[in-house]
Structure formats: C-alpha cells, structure tokens
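What follows is the residue order along each chain.
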Amino acid sequence: MLTSHYAPRTKVRLNAERIATGEALLAFGPAAVPGVDAATAVLNLSVRGDLNEAAANLFGYLRSLDTKGAHTIAAMPVPHHGLGEAINDRLRRAAVERK
C-alpha cells in the first residue's frame, strides 16, 4: 500500500476545528467552524453528514480545492466509524508530507 494515495500539491491539515486566513476548507456536516469566513474556498463533503455522499465527493473536492491557491486545505473531522474509517484513511494519505 502506498503511504500517499491521492496527494494534492497543497498541504492538507486534518481534524481542523478552526480555519486560518488563506486556508481552503474541506468541510463535513452542518456545523460551521470558526474562521470559515476567511477561507479561500469551502467545499462540504456532505452538509447532511452522510458518509456515502462524503466518500463520493472526496477526491473531486480535494482536486478542486487544490486549484484554489490556498496554502493549506483544512479538513474538518469525519466520524471514525463505518465508511468514515476509509474516508479518514484517504485523508491521512493525502496529508502525508511529500519531498
């Protein structure tokens, strides 16, 4: 298994609970996070918190956010059960530091 699966050029920060200026937000669920208004771009994997919808959107949304000129993609927490385990695995792989 590769350590890094789909790896955006933009750095990925996991379990973001606050957004800094210049970050893009990969959101999950209906809750807003502090600083969202300062985000370069925002895409929500699933506003309803549906893990199937989130899984279907994951790679396309990462690719899209990768083109927005942010210095970091801040990914909100995704539940660690069911399909959420696979989503979190892909996010961890996307966040691996590359040389």
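Here the structure is a predicted model, which is why all the values come from computation and not from measurement.

1. Observations regarding the nonpolar core
- Counting 19 residues, the largest nonpolar core has Leu26, Leu58, Leu62, Ile73, Ile87 and Leu91 as the members making the most contacts within it.
- Among the elements that make up this core, the one with the highest residue count is helix H1 (residues 51-66) (five residues).
- Once residues within four sequence positions are removed from consideration, Ile73 is found in contact with Pro8, Thr10, Lys11, Val12, Arg13, Ala24, Leu26, Leu62, Leu65 and Asp66.
- Counting eight residues, the second largest nonpolar core, distinct from the first, contains Leu25, Val33, Ala39 and Met76.

2. Concerning the sheet that holds strand E3 (residues 42-44)
- Ordered by their spatial adjacency, four strands build an open sheet running E1-E4-E2-E3, and the pairing between neighbours is parallel. On the outer flanks of this sheet lie strand E1 (11-13) and E3, each paired with one strand and no other. Taking each pair of neighbouring strands and ignoring which way they run, the sheet shows an average axis angle of 20°.
- Pairing of strand E2 (residues 23-27) with E3, which is carried by three bridges, proceeds in the parallel orientation. Paired with Leu26 across the two strands is Leu43, which belongs to E3.
- Across the sheet, H1 is in contact with E2, E3 and strand E4 (72-75); its angle to E2 comes to roughly 170°.

3. Remarks on the side chain of Ser46
- Position of Ser46 relative to the elements: it lies in the loop between E3 and H1.
- Note on Ser46: relative accessible area 0%, which makes it buried.
- Reaching out from Ser46, the side chain makes a polar contact with the backbone nitrogen of Asp50 at a distance of 2.8 Å.

Cut-offs applied
- Residues numbered from 1 in each chain as written.
- Predicted model: local features only at pLDDT ≥ 70, side-chain atom pairs only at ≥ 80, totals over all residues.
- Heavy atoms only, no water.
- Core = buried A, V, L, I, M, F, W, Y, C linked by side-chain atoms within 4.5 Å.
- Buried < 20%, exposed > 50% of the residue type's maximum accessible area, 1.4 Å probe, protein only.
- Helix = DSSP H or I, 4+ residues; strand = E, 2+ residues; numbered from the N terminus.
- Contact = heavy atoms within 4.5 Å.
- Pairing = 2+ DSSP bridges.
- Axes fitted to C-alpha atoms, helices over the stretch in contact; angles between N-to-C directions.
- Polar contact = N/O pair within 3.5 Å; in protein donor to acceptor, adjacent residues only side chain to side chain.

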